[in-house]
Amino acid sequence: MAIKPRVKTTTKTTAKTEEKTSSELPLAEVRTLVCFRTKQLTKKKAEKIFDDLGISMSGALNMFLAQVVRDKGLPFVPTTQKKGTGSKDKDVLDSAGYVELEEMWEEL
């Protein structure tokens with residue numbers, strides 16, 4: 001027999017607390033705990049950024065998950081190249097493959 005977790009909710013009309021099982025609540029209202037491992041330095045850097053933005057780690061991760069659901073995929077393009085390595089970023093208007101004007105003049 002499975003144990004159903006109990007969730008406390010408060011009704012606004014009577015302000016009394018009733019206990020409901022999670023199966024009685026709409027799925028959007030049921031909260032769950034997500035745990036994962038990450039590097040301590042990464043977490044600290046992310047916390048600083050989120051603090052500067054005025055959001056919590058939990059809020060930021062909920063935003064990320066909501067974006068994944070909305071986009072039906074990752075909200076960024078995964079790549080195997082590290083930033084700053086590999087081919088240089090090309091200007092969108094530069095179809096000849098030149099990164100800087102000097103490169104083009106050298107070839108002419």
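To be clear, the structure that these remarks concern was listed above.
Residues numbered from 1 in each chain as written. Predicted model: local features only at pLDDT ≥ 70, side-chain atom pairs only at ≥ 80, totals over all residues. Heavy atoms only, no water.

**Q** Before we move on, could you go through helix α2 (residues 57-71) and cite the residues and values that matter?
**A** With 15 residues, α2 should cover 21 Å at 1.5 Å per step; its first-to-last C-alpha distance of 21 Å lies within 8% of that length. Once α2 finishes, lysine 72 follows within two positions and takes phi at roughly 55°, a positive value. (Helix = DSSP H or I, 4+ residues; strand = E, 2+ residues; numbered from the N terminus. Expected span 1.5 Å × (residues − 1).)

**Q** Break down the pattern of salt bridges for me, with residues and values.
**A** For the coordinates displayed, the defined rule picks out three salt bridges. The closest approach of N and O atoms between glutamate 47 and lysine 43, which form a salt bridge, is 3.3 Å. Taken together, the residues span about one helical turn, with glutamate 47 and lysine 43 both in helix α1 (residues 40-53) at a distance of four residues. Its relative accessible area of 39% is what places lysine 43 among the partly exposed residues. (Salt bridge = Lys/Arg side-chain N within 4 Å of Asp/Glu carboxyl O. Buried < 20%, exposed > 50% of the residue type's maximum accessible area, 1.4 Å probe, protein only.)

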